[in-house]
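Fold and contact review
Now for the letters of each chain:
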Amino acid sequence: MTDTTGYVYFAIKTEEDNFNIERFNNYLTIQPTRFQEKFEKGNVPVCTIWEYGTDKLVNPFYFEEIRRLTDMLEKHKPEFLRLKKEYPSVTYVLEVVICLGDETPGLHFSKHTIKFINDVGGTIDCDIYNSK
């Protein structure tokens, strides 16, 4: 039996040069679970990416994980809005990655999650892969 795995994260992306972790720290009191600077590995990544998300999930209820994540991020919304006002080029995305196994999870976004993403001017992206 193959498990369905994946993860959920909220990302801030920018193609601006010299946008380092210190600049994020000037606006955000939350620390990322993952951070990559633009071109830190040569030609990749093509943008700076600040991420806050889950560890690897196995056969998860994605609705619950997404809700838990956006509940935690909600208290930082004023910080995200201030960063966006100062740097309009930053983009926000809620990313859901699902690697399908034998379990076929449902994917649902609550009104709370949609409101949060809308309030910060973000998007939702779902990547679904076949693990078999």
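Only a predicted model underlies this, so the values are computations on that prediction, with no experimental measurement involved.

How each quantity is defined
- Residues numbered from 1 in each chain as written.
- Predicted model: local features only at pLDDT ≥ 70, side-chain atom pairs only at ≥ 80, totals over all residues.
- Heavy atoms only, no water.
- Phe/Tyr/Trp six-rings, centres within 6.5 Å; stacked < 30°, edge-to-face > 60°.
- Helix = DSSP H or I, 4+ residues; strand = E, 2+ residues; numbered from the N terminus.
- Buried < 20%, exposed > 50% of the residue type's maximum accessible area, 1.4 Å probe, protein only.
- Lys NZ or Arg CZ within 6 Å of the ring centre and 35° of its normal.
- Arc of directions from axis to C-beta.
- Contact = heavy atoms within 4.5 Å.
- Pairing = 2+ DSSP bridges.
- Right-handed = clockwise from strand over helix to strand, strands pointing away.
- Salt bridge = Lys/Arg side-chain N within 4 Å of Asp/Glu carboxyl O.

**Here we look at the packing of aromatic side chains**
Under the definition given, this model contains 12 aromatic pairs. When the centroid spacing of 6.0 Å and the interplanar angle of 15 degrees are considered together, the rings of Tyr7 and Tyr9 count as stacked. Pairing Trp50 with Phe80 gives two aromatic rings, centres 6.3 Å apart and planes at 75 degrees, and the pair type is edge-to-face. Separated by 30 residues along the polypeptide, Trp50 in strand 3 (residues 48-53) and Phe80 in helix 3 (residues 77-86) bring together distant segments of the chain. Residues Trp50 and Phe80 agree in their burial class; the two are buried. Put simply, the rings of Phe10, Phe19, Phe24, Tyr27, Phe35, Trp50, Phe80, Tyr87, Tyr92 and Phe116 pair up and form one aromatic cluster. Taking NZ or CZ as reference, Arg23 lies 4.7 Å from the ring centre of Phe19, over its face.

**Remarks on helix 3**
Along helix 3, the positions that sit buried rather than exposed are Lys77, Glu79, Phe80 and Leu83. The buried side chains of helix 3 occupy one side of the element, clustering within an arc of 160 degrees when seen end-on. Along helix 3, the residues that are exposed and aim more than 90 degrees away from the buried face are Pro78 and Lys85. Looking at the buried side of helix 3, the elements it contacts are strand 1 (5-14), helix 1 (21-25), strand 3, helix 2 (62-74), strand 5 (91-100) and helix 4 (111-119).

**So, the pairing of strand 6 (residues 123-130)**
With eight bridges joining them, strand 5 and strand 6 adopt parallel strand pairing. Paired with Glu95 across the bridge in strand 6 is Asp125. Where the polypeptide runs from strand 5 across helix 4 and back to strand 6, its parallel neighbour, the crossover connection is right-handed.

**Details of the environment of Lys77**
Mapped onto the secondary structure, Lys77 falls in helix 3. C-alpha separation for the pair Lys77 and Asp119, spaced 42 residues apart in sequence, amounts to 8.2 Å. Discounting residues that sit within four places of it in the chain, Lys77 has contacts with Lys115, Phe116, Asp119 and Val120.

**Regarding the pattern of salt bridges**
Going through the model one piece at a time under the given rule, you end up with eight salt bridges. Two residues, Asp119 and Lys115, come together in a salt bridge whose shortest N-O distance is 2.7 Å. One end of the pair, Asp119, and the other, Lys115, are both in helix 4, four residues apart, so they sit about a helical turn from each other. Put simply, Glu74, Lys77, Lys115 and Asp119 are held in one network by salt bridges that share partners.

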